[in-house]
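# Secondary and tertiary structure notes
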Amino acid sequence: MKGNQEDLPIFNLITTQTRPFFQQLLPDSSKHQLEHCELDTEEQQLTLSVLSTQHLAKCPVCGPRSARTHSRYQRTLADLPCVHFKLTLTVQVSKFFCDTPGCIRRIFTERIPDIAAPWARETVRLVQRLEAIGLALGGAAGARLSHQVGTEVCGSTLLNVLAKLPLPEFEVPKILGVDDFAFRKGQQYGTLLVDLERHRPLALLADRKAETLAQWLAQHPGVEVLSRDRSATYRGGMNEGAPNAEQVADRFHLMQNLQETLEKPLCDNMDETPDHFQITV
């Protein structure tokens with residue numbers, strides 16, 4: 001570090017006493033060595049410079065390990081905040097030659113899966129926190145909470161993180177609820193499938209066509225009871241995709257049917273029916 005500490009807001013914090021502590025801040029301290037640590041008090045920024053200690057790396061294409069180093073380069077990764085300081089890792093990683101004849105990758109970069117994914121600009125543990133916030137709150141609300149806990153991201157970033165998550169595995173339920181929902185009210189609608197035994201959504205279909213629903217049911221056999229609204233489209237899709245399943249009306253439409261059944265005879269027997277007359281079940 002150049003200059004006096006009195007003149008600059010940046011300090012190198014590595015000493016014999018502090019090195020073990022800062023080493024423990026690394027995601028994987030067994031394969032990486034802490035070189036130095038800088039604290040910028042004006043920008044509220046803590047930067048850890050890390051050197052990879054791996055001497056062998058596996059080619060991501062053909063698989064064999066190589067020990068022949070080509071060069072080194074630096075990756076800059078955003079990490080979890082430390083108290084109220086933003087934490088950044090600058091990791092020195094190596095490029096290796098692949099000596100396997102016929103391999104299309106002649107030079108490759110060592111992977112650091114415990115710290116970051118290939119080409120990522122955030123550490124794995126930071127991405128995991130963003131996933132948890134996004135799953136709990138979504139985009140806009142998740143972004144507001146992220147700012148409160150020291151991670152500055154926008155709502156679209158959180159949604160992009162969620163879009164990369166694989167779909168969870170699920171068992172085909174015996175009782176499946178089918179209803180429509182709006183991607184954009186009045187313009188674009190889809191179909192929501194809900195496991196009524198476990199009370200959780202299973203899938204969102206791109207539209208509310210009978211063919212789309214029939215295809216999903218045919219690909220996921222085992223549904224015994226299908227709950228739906230009074231849509232003839234959904235009835236046709238269920239008849240085609242799960243002909244042996246029993247179709248029942250959902251609770252909302254049962255109440256709606258009862259309301260209409262009661263209203264009709266009552267209204268017919270009244271000489272004058274007020275405009276606001278309605279039975280609520």
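Whatever comes next refers back to the structure up there.
Sequence order as written defines the numbering, with residues in each chain counted from 1. At least 70 in pLDDT is required for a residue's local features to be given in this predicted model, at least 80 for side-chain atom pairs to be given and counted, and no such filter applies to totals for whole chains, interfaces and linings, which use all residues. The side-chain values count all of the structure's non-hydrogen atoms but skip hydrogen atoms and water molecules.

The next thing to look at is unusual backbone geometry. With a phi angle near 55°, Q44 is a residue other than glycine that sits in the positive phi range. Checked against the element boundaries, Q44 lands in the loop between β2 (32–40) and β3 (45–52). Put simply, DSSP marks the helices as runs of H or I at least four residues long and the strands as runs of E at least two long, and each gets a number from the N terminus on.

Of all hydrophobic cores here, the largest spans 19 residues; its most connected members are F22, L34, L48, L89 and V91. For this core, the secondary-structure elements that each account for two or more residues are β2, β3 and β7 (85–97). Ranked by residue count, the leading element in this core is β7, at five residues. Put simply, buried Ala, Val, Leu, Ile, Met, Phe, Trp, Tyr and Cys residues joined by side-chain atoms within 4.5 Å make one nonpolar core. Per-residue accessibility, obtained with a 1.4 Å probe over protein chains only, is compared with the maximum for each type, and a residue is labelled buried under 20%, exposed over 50%, and partly exposed between these values. L202, A203, V223 and A245 belong to the second largest nonpolar core, which has 15 residues in total.

Inspection of the secondary structure assignment puts T90 in strand β7. Classification of T90 as buried rests on a relative accessible area of 11%. Contacts are assigned to residue pairs that have any heavy atoms within 4.5 Å of one another. Discounting residues that sit within four places of it in the chain, T90 has contacts with T47, L48, S49, V50, Q74, R75 and T76.

Turning our eyes to something else, we now look at the pairing of strand β12 (residues 225–228). Relative to β12, strand β9 (residues 175–184) is paired through three bridges, and the arrangement is parallel. By the bridge assignment, I175 is partnered in β12 with V225. DSSP-based pairing: two strands are paired if at least 2 bridges between them are found. In this sheet, strand β13 (residues 246–249) lies alongside β12 in parallel orientation, the contact comprising four bridges. Paired with V225 across the bridge in β13 is E246. Looking down the strands as they point away from you, a crossover is right-handed if its path from the first strand over the helix to the second goes clockwise. Between the parallel pair β12 and β13, the chain is carried across by helix α6 (residues 232–241), and the sense of this crossover is right-handed.

Treat this as a map of the structure, not an account of what it does.
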